[in-house]
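Coordinate inspection notes
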Amino acid sequence: GRWYYEVVLLTDGLMQIGWADNDFVCDPVRGQGVGDHPHSWAIDGFRQKIWCLNSASYGERWQTGDVLGVLLDLNLYEMRFFLNGRDLGVAFRGFRGQGIFPAASLNDGQAAHFNFGSSQFMHPPSGIDGLPFRAVADATPSSRGSSRASTNAESVLDGVLPTDATEDNQQINSFDQDGATTMQ
């Protein structure tokens, strides 16, 4: 399947936003977050790079108020990002991972609002090739009646596994009533 979520940038600084899998480990003390580990993939619009252990030039400088679209295609094994509805192209291709979930690392003073799909998307990606996508919220237990996402294997749906935020692992997935999270 294809999975999508959006992020409204409340600031325009250093943030790495994308996906991680069950083997992802972050180390905030060393400044290692999403994209700094081989089991995570991220865009950084502040530095105009994509990250998966190493970086490559990609995209354009983001601004406060921009809407970042994040698309995972498990049929083609591709990850794409969109800025204000404009497709920035394939960022990652041929990845493999078990239990892929949305993840983000934000530098001090940065903030963003995450919409996993319980609210209407501002720039849905159906325009890229007409193929259907599903909101990440459709893959979570919270969208099926549970009040909070869990990490057990039974919650895996089409390769997307939500996880709870923890002190050591700063991933996002605490949903409010609208299926959205604001991180700062």
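Quick caveat: nothing in here was measured; it's all calculated off a predicted structure.

Brief notes about the pattern of salt bridges
- All told, the structure shown has seven salt bridges when counted by the stated rule.
- The closest approach of N and O atoms between E60 and R86, which form a salt bridge, is 1.9 Å. Placement of the pair is E60 in the loop between β5 (54-57) and β6 (67-73) and R86 in strand β8 (residues 86-93), with a sequence separation of 26 residues.
- Since its relative accessible area comes to 42%, R86 is described here as partly exposed.
- For E78, the salt bridge identified is with R93, shortest N-O distance 3.1 Å. Of this pair, E78 sits in strand β7 (residues 78-83) while R93 sits in strand β8, and the two are 15 residues apart along the sequence.
- Several salt bridges converge on common partners, so that one network encompasses E78, R80, D87 and R93.

Details of unusual backbone geometry
- One non-glycine residue, Y77, lies in the positive phi region at around 55°.
- Considering the arrangement of structural elements, one finds Y77 in the loop between β6 and β7.
- Residue Y77 is classed as partly exposed on the basis of its relative accessible area, which comes to 32%.
- Look at N84: it is not a glycine, yet its phi comes out positive at around 55°.

About the thresholds
Residues numbered from 1 in each chain as written. Predicted model: local features only at pLDDT ≥ 70, side-chain atom pairs only at ≥ 80, totals over all residues. Heavy atoms only, no water. Salt bridge = Lys/Arg side-chain N within 4 Å of Asp/Glu carboxyl O. Helix = DSSP H or I, 4+ residues; strand = E, 2+ residues; numbered from the N terminus. Buried < 20%, exposed > 50% of the residue type's maximum accessible area, 1.4 Å probe, protein only.

Take it as geometry only, folks, not as evidence of what the structure does.
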